[in-house]
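Below, each chain spelled out in residue letters.
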Amino acid sequence: MSKDKVQIFDTTLRDGEQVPGCKLDAEQKLVIAERLDNLGVDIIEAGFPISSPGDFNSVLEISKLVKNATVCGLTRAVKKDIEVAAEALKPALRPRIHTGIGTSDSHIKHKFNSNRDVIIERAVAAVSYAKTFVEDVEFYAEDAGRTDNEFLAQVCEAVVAAGATVLNIPDTTGYCLPEEYGAKMKYLKENVKGVHRAVLSCHCHNDLGLATANSIAGVVNGARQIECTINGIGERAGNTSLEEVVMILRQHPSLGLDTNINSKLLYSTSQMVSQKMGMMVQPNKAIVGANAFAHSSGIHQDGVIKNRETYEIIDPADVGVNESSIVLTARSGRAALAYRAKIVGYELTKLQLDTVYQEFLKFADRKKEIMDEDIHEIVAATDVAIEKV
Ligand code: KIV
Ligand code: ZN
């Protein structure tokens, strides 16, 4: 069965870079942009050009550098923003302007002190103006997650008529439940006249830990673009994690959806972004965390040594991790000890293993994790003569 493609829109360099303390310099942004292009992302959101001269320059340089992906610049629904973004995107082979405005009652009242009719007028004016510079114009309805579906559909219909090529439906505050977010996409798909002329896009934040689930609900209900970041970095609790959505679609072929991402580059890209941003990846992070393929309990280790698939749903090689790791702790069993002892050169008989294991338990109760060099010490501490092979 041929699969429908979901476009991956990476916003590591824009929404991701909004994280306090994660500011990147222009050189670092270029290196990351080049890696994202090689990874196979379809769109790179390179920055918010009007926000600072530095961001303008980064978008400009990334536009010159990127060979495959569309390069996108963010704007508010403000003429000057759009002009500056268009200027920064000029050298791009595939430029996209990403413009928009808040559509929820809360944003309309508190941010803009405005009303729905004026918001639609501003949205249409922004898209029409952006279209005078580039063909590819994405519209975001900020806080769409809390915007009522009927009004959201009216806004979407108006901007599609003005030429928007992508309709971004952000759950800006990470409020929605997956069913709710999925139903929102379905509603737009069924109720926006001309929606077939645009791609619906998911942009989810992780305030309730639901960004990935919501993005998947979005594509299951008709969206064909996911906006995400490497390691899920982003404002507050972050954005949808790129590596998670890519691997969910790959591991569930029955969804009939896939991306253009070369998954073998996921781990190294995650490491690169983490180092450049000085933002550690939590060890238990799905797909790219240090423990994502590490097994430490005796029962799991025994299973994985017999057959990796007993406790792993992803082959680590598919995401660029060399191999699963068998971590030796006080919870480990004989199978794990024999396995690791063999790697460092000891082929233990059953009797030898029993003796070494008793010594191992004493060590393991004192140390959090037993490393390869400790194994030599453990073997030496037994009164049995064990030769290295
Ligand atoms: O979360 C959000 O609403 C955004 C928009 C600016 C696209 O990041
Ligand atoms: Zn966002």
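Parameters and conventions
Residues numbered from 1 in each chain as written. Chains lettered and ligands numbered in written order. Predicted model: local features only at pLDDT ≥ 70, side-chain atom pairs only at ≥ 80, totals over all residues. Heavy atoms only, no water. Helix = DSSP H or I, 4+ residues; strand = E, 2+ residues; numbered from the N terminus. Buried < 20%, exposed > 50% of the residue type's maximum accessible area, 1.4 Å probe, protein only. Contact = heavy atoms within 4.5 Å. Areas by Shrake-Rupley, 256 points an atom, 1.4 Å probe, with all protein chains shown as cover. Lys, Arg positive; Asp, Glu negative; His and termini not counted. Charge placed at Lys NZ, Arg CZ, Asp CG, Glu CD. Near = heavy atom within 4 Å. Polar contact = N/O pair within 3.5 Å; in protein donor to acceptor, adjacent residues only side chain to side chain. Nonpolar A, V, L, I, M, F, W, Y, C, P; charged D, E, K, R; others polar. Pairing = 2+ DSSP bridges. Axes fitted to C-alpha atoms, helices over the stretch in contact; angles between N-to-C directions. Donors = N, O, S within 2.8 Å, 3.2 Å for Na, K, Ca; no water. Salt bridge = Lys/Arg side-chain N within 4 Å of Asp/Glu carboxyl O. Right-handed = clockwise from strand over helix to strand, strands pointing away. Core = buried A, V, L, I, M, F, W, Y, C linked by side-chain atoms within 4.5 Å. Parallel < 35°, antiparallel > 145°, perpendicular 65-115°, else oblique. Left-handed = near helix turned anticlockwise from the far one by under 90°.

## Observations regarding the overall build of the protein chain
Next up, step 1: Of the regular secondary structure elements, the protein chain holds 14 helices and 12 strands.
Next up, step 2: Buried positions account for 53% of the 389 residues belonging to the protein chain.
Next up, step 3: In the protein chain, 72% of the contacts between residues at least 6 apart in sequence involve partners at least 24 apart.
Next up, step 4: Accessible area for the protein chain stands at about 17,300 Å²; split by element, carbon and sulfur atoms hold 51% of it.
Next up, step 5: In the protein chain, the 43 positive side-chain charges and the 53 negative ones have mean positions that sit 2 Å from each other.

## Digging into the site of ligand 1
Next up, step 1: If you check the shell around ligand 1, you find Arg 14, Asp 15, His 98, Tyr 140, Glu 142, Asn 168, Pro 170, Thr 172, His 203 and His 205 and nothing else.
Next up, step 2: Side-chain polar atom of Asp 15 to an oxygen atom of ligand 1: 3.1 Å apart, as the coordinates give it.
Next up, step 3: With respect to ligand 1, the side chain of His 203 contributes an N or O atom lying 3.1 Å from an oxygen atom.
Next up, step 4: Within the complex, 93% of the 260 Å² of free accessible area of ligand 1 lies under protein.
Next up, step 5: Of all elements in the fold, only strand S6 (136–142) and strand S7 (166–171) reach the threshold of two or more residues within the shell around ligand 1.
Next up, step 6: Considering only residue class, the shell around ligand 1 consists of 2 nonpolar, 5 polar and 3 charged.

## Points about the sheet that holds S6
Next up, step 1: The 8 strands lie next to each other as S2-S3-S4-S5-S6-S7-S8-S9, forming a closed barrel whose pairing is parallel. When strand polarity is set aside, the average angle formed by the axes of neighbouring strands in this sheet is 25°.
Next up, step 2: Summarising the sheet, strand S5 (residues 95–102) and S6 pair through 7 bridges and their orientation is parallel. Note on S6: the bridge partner recorded for Arg 96 is Asp 136.
Next up, step 3: Relative to the sheet, helix H8 (residues 211–220) contacts S7, strand S8 (199–204) and strand S9 (225–228), its axis offset from that of S8 by approximately 170°.
Next up, step 4: Sheet contacts for helix H9 (residues 242–251): strand S2 (7–10) and S9; angle to S2, the most-contacted strand, approximately 170°.

## Notes on the environment of Leu 36
Next up, step 1: Topologically, Leu 36 is positioned in helix H1 (residues 26–39).
Next up, step 2: For the pair Leu 36 and Leu 266, spaced 230 residues apart in sequence, the C-alpha separation works out to 9.9 Å.
Next up, step 3: Not counting chain neighbours up to four residues away, the residues in contact with Leu 36 comprise Asp 10, Leu 13, Val 41, Ile 44 and Ile 230.

## A few points about the coordination of the zinc ion (ligand 2)
Next up, step 1: Surrounding the zinc ion (ligand 2) are the protein donor atoms Asp 15 (OD), His 203 (NE2) and His 205 (NE2), which sit 2.0 to 2.1 Å from the metal.
Next up, step 2: Sequence spacing among the residues donating to the zinc ion (ligand 2) works out to D-x187-H-x1-H. Separated by 188 residues along the polypeptide, Asp 15 in the loop between S2 and H1 and His 203 in strand S8 bring together distant segments of the chain. Taken as a pair, Asp 15 and His 203 share a single burial class, namely buried.

## Describing the pattern of salt bridges
Next up, step 1: Scanning the model with the defined rule gives 29 salt bridges in all.
Next up, step 2: Residue Glu 17 is joined to Lys 29 by a salt bridge in which the shortest nitrogen-to-oxygen separation is 3.7 Å. With Glu 17 in the loop between S2 and H1 and Lys 29 in helix H1, this pair connects stretches of sequence that are 12 residues apart. One exposure class covers both Glu 17 and Lys 29, and it is buried.
Next up, step 3: Lys 342 is paired through a salt bridge with Glu 347; the nearest N and O atoms lie 3.8 Å apart.

## A short note on helix H3 (residues 79–89)
Next up, step 1: Asp 81, Ile 82, Val 84, Ala 85, Ala 86, Ala 88 and Leu 89 are the residues of H3 that are buried.
Next up, step 2: In the core, the buried residues of H3 are packed alongside helix H2 (53–65), strand S4 (70–74), S5 and helix H5 (116–131).

## Some words on the environment of Ala 317
Next up, step 1: Topologically, Ala 317 is positioned in the loop between helix H11 (298–306) and strand S12 (325–326).
Next up, step 2: Of the residues examined, Ala 317 reaches a relative accessible area of 34% and is grouped as partly exposed.

## Here we look at the side chain of His 295
Next up, step 1: By the secondary structure assignment, His 295 is in strand S11 (residues 294–295).
Next up, step 2: For His 295, a relative accessible area of 6% corresponds to the buried category.
Next up, step 3: In this structure, His 295 is in contact with Gln 301, Val 304, Tyr 311, Glu 312, Ser 324, Ser 325, Ile 326 and Val 327, ignoring residues within four places of it in sequence.

## Digging into the pairing of S9
Next up, step 1: Side chains Gln 225 and Glu 227 of S9 all project onto a buried face; the interleaved residues Ile 226 and Cys 228 project onto the opposite face, where all are buried too.
Next up, step 2: Pairing geometry for S2 and S9, over 4 bridges, is parallel. When the sheet's bridge partners are listed, Asp 10 is paired in S9 with Cys 228.
Next up, step 3: Two elements, S8 and S9, share 3 bridges in a ladder whose sense is parallel. Bridge pairing in S9 links Ser 201 to Gln 225.
Next up, step 4: This β-α-β element, S8 to H8 to S9, shows right-handed connectivity.

## Focus on the nonpolar core
Next up, step 1: Counting 87 residues, the largest nonpolar core has Ile 8, Phe 139, Leu 167, Ile 169 and Leu 242 as the members making the most contacts within it.
Next up, step 2: Setting aside its immediate chain neighbours within four residues, Leu 242 contacts Ile 8, Asp 10, Leu 39, Val 41, Cys 228, Thr 229, Ile 230 and Leu 266.

## Details of the packing of helix H13 (residues 350–366) against helix H14 (residues 372–381)
Next up, step 1: Where H13 meets H14, the axes come as close as 9 Å, and the angle between the chain directions of the two elements is 125°. With respect to H14, the axis of H13 lies oblique. For the pair H13 and H14, the crossing hand works out as right-handed. Contact residues: Val 356, Glu 359, Phe 360 and Phe 363 in H13; Glu 377, Ile 378, Val 379 and Ala 381 in H14.
Next up, step 2: In the contact of H13 with H14, the residues fall into 6 nonpolar, no polar and 2 charged.

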